[in-house]
Amino acid sequence: MKPRIQATLALLLSLYLAILAGGLLVLAWQSGPEAMDIWAWIILGVHVGAAVVLPVLLFRAWCQKRTIRMGKALPWAVRLMYLSVILAICDSWAAGTDRRDTLFSQTVWAMSDGGTRGYNGFGYCLTYHRRLGGEFGPEVWFWFTPFRLYYTSSRVGASWVWTPDQA
């Protein structure tokens, strides 16, 4: 890959991480039931750390007129993304069974009627909808993408994370 394309991709990644970290910081200062637990703070720290370190490394490389080499790190990042997708598929299946719990993620919130639940896993957030006489199925947002995927009884597709819920 050409150095100019690598630098552009790294810059776009750092902008995405900065926006994501900003959104997570807003959630961090919530109180009440939306308050963050220790795992959410760790996830926030990882995103804020990457959002700060990546632009600093890019700026240093630019000042020293060095090319950015992602040859060793990029394959491992892709492997982690694959692992995240596989775990989300397993959790989506497990949440839809009679067991109503996931295998690889932690329950973060639940509706008062015990139906729809939200889970945090390795690189993804899963919402499993269980509305009586209504929507039933998973909605997944992977932290490395700006959109969410859903496969429910009333809708199938993808939408941007920042758009309001249609259901």
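Here is a short report on the structure shown in this document. Computed from a predicted model, the values in this text were never measured in an experiment.

On the surface, Ile-5, Leu-9, Leu-11, Leu-12 and Leu-15 cluster together into a nonpolar patch covering about 460 Å² of accessible area. Its place among the elements puts Leu-12 in helix α1 (residues 3–28).

A few words on the sheet that holds strand β6 (residues 156–160). Sheet architecture is open: six strands sit in the order β1-β2-β3-β4-β5-β6, paired in antiparallel fashion. Whereas interior strands pair on both sides, the edge strands pair on one side only; in this sheet they are β1 (106–110) and β6. The sheet shows a mean angle of 20° between the axes of neighbouring strands, direction not considered. Where helix α3 (residues 73–95) meets the sheet, it contacts β2 (117–121), β3 (124–130) and β4 (136–142), and its direction lies at approximately 20° from that of β3.

This brings us to the packing of aromatic side chains. This model, assessed by the stated rule, comprises two aromatic pairs. Both rings, one in Tyr-128 and one in Phe-136, keep their centres 5.5 Å apart while their planes meet at 90°; by these two values the pair is edge-to-face. For Tyr-128, a relative accessible area of 5% translates into the label buried. Since its relative accessible area comes to 39%, Phe-136 is described here as partly exposed. Just above the ring of Tyr-150 sits the side chain of Arg-155; from NZ or CZ to the centre is 4.4 Å.

Looking now at the nonpolar core. Of all hydrophobic cores here, the largest spans nine residues; its members are Leu-87, Ala-88, Ala-95, Tyr-119, Tyr-124, Leu-126, Tyr-128, Val-140 and Phe-142. At the level of elements, α3, β3 and β4 are the ones that each hand at least two residues to this core. In this view, Leu-126 contacts Asp-91, Ser-92, Thr-102, Arg-117, Gly-118, Tyr-119, Pro-138, Glu-139 and Val-140; residues no more than four positions away in its chain are not counted.

Relative to the helices and strands, Thr-152 resides in the loop between β5 (147–151) and β6. A relative accessible area of 8% places Thr-152 in the buried class. Excluding its chain neighbours within four sequence positions, the residues that come into contact with Thr-152 are His-129, Glu-135, Phe-136, Gly-137 and Pro-138.

Further remarks concern the pattern of salt bridges. Tallied over the full model, the rule gives three salt bridges. Between Glu-135 and Arg-155 there is a salt bridge whose closest N-O contact spans 2.9 Å. On the criterion of sequence distance, the pair formed by Glu-135 in the loop between β3 and β4 and Arg-155 in the loop between β5 and β6 is long-range, its members being 20 residues apart. Pair check on accessibility: Glu-135 and Arg-155 agree, each one buried. Between Arg-155 and Glu-139 there is a salt bridge; the shortest N-O distance is 2.9 Å. Taken together, the positions of Arg-155 in the loop between β5 and β6 and Glu-139 in strand β4 put the pair 16 residues apart, joining distant regions of the chain. Exposure class is identical for Arg-155 and Glu-139. Each is buried. Salt bridges linked by common partners bring Glu-135, Glu-139, Arg-148 and Arg-155 together as one network.

Rules of the game
- Residues numbered from 1 in each chain as written.
- Predicted model: local features only at pLDDT ≥ 70, side-chain atom pairs only at ≥ 80, totals over all residues.
- Heavy atoms only, no water.
- Patch = residues over 30% accessible without salt bridge, like charges linked within 9 Å, V, L, I, M, F, W, Y side chains within 5 Å.
- Areas by Shrake-Rupley, 256 points an atom, 1.4 Å probe, with all protein chains shown as cover.
- Salt bridge = Lys/Arg side-chain N within 4 Å of Asp/Glu carboxyl O.
- Helix = DSSP H or I, 4+ residues; strand = E, 2+ residues; numbered from the N terminus.
- Pairing = 2+ DSSP bridges.
- Axes fitted to C-alpha atoms, helices over the stretch in contact; angles between N-to-C directions.
- Contact = heavy atoms within 4.5 Å.
- Phe/Tyr/Trp six-rings, centres within 6.5 Å; stacked < 30°, edge-to-face > 60°.
- Buried < 20%, exposed > 50% of the residue type's maximum accessible area, 1.4 Å probe, protein only.
- Lys NZ or Arg CZ within 6 Å of the ring centre and 35° of its normal.
- Core = buried A, V, L, I, M, F, W, Y, C linked by side-chain atoms within 4.5 Å.

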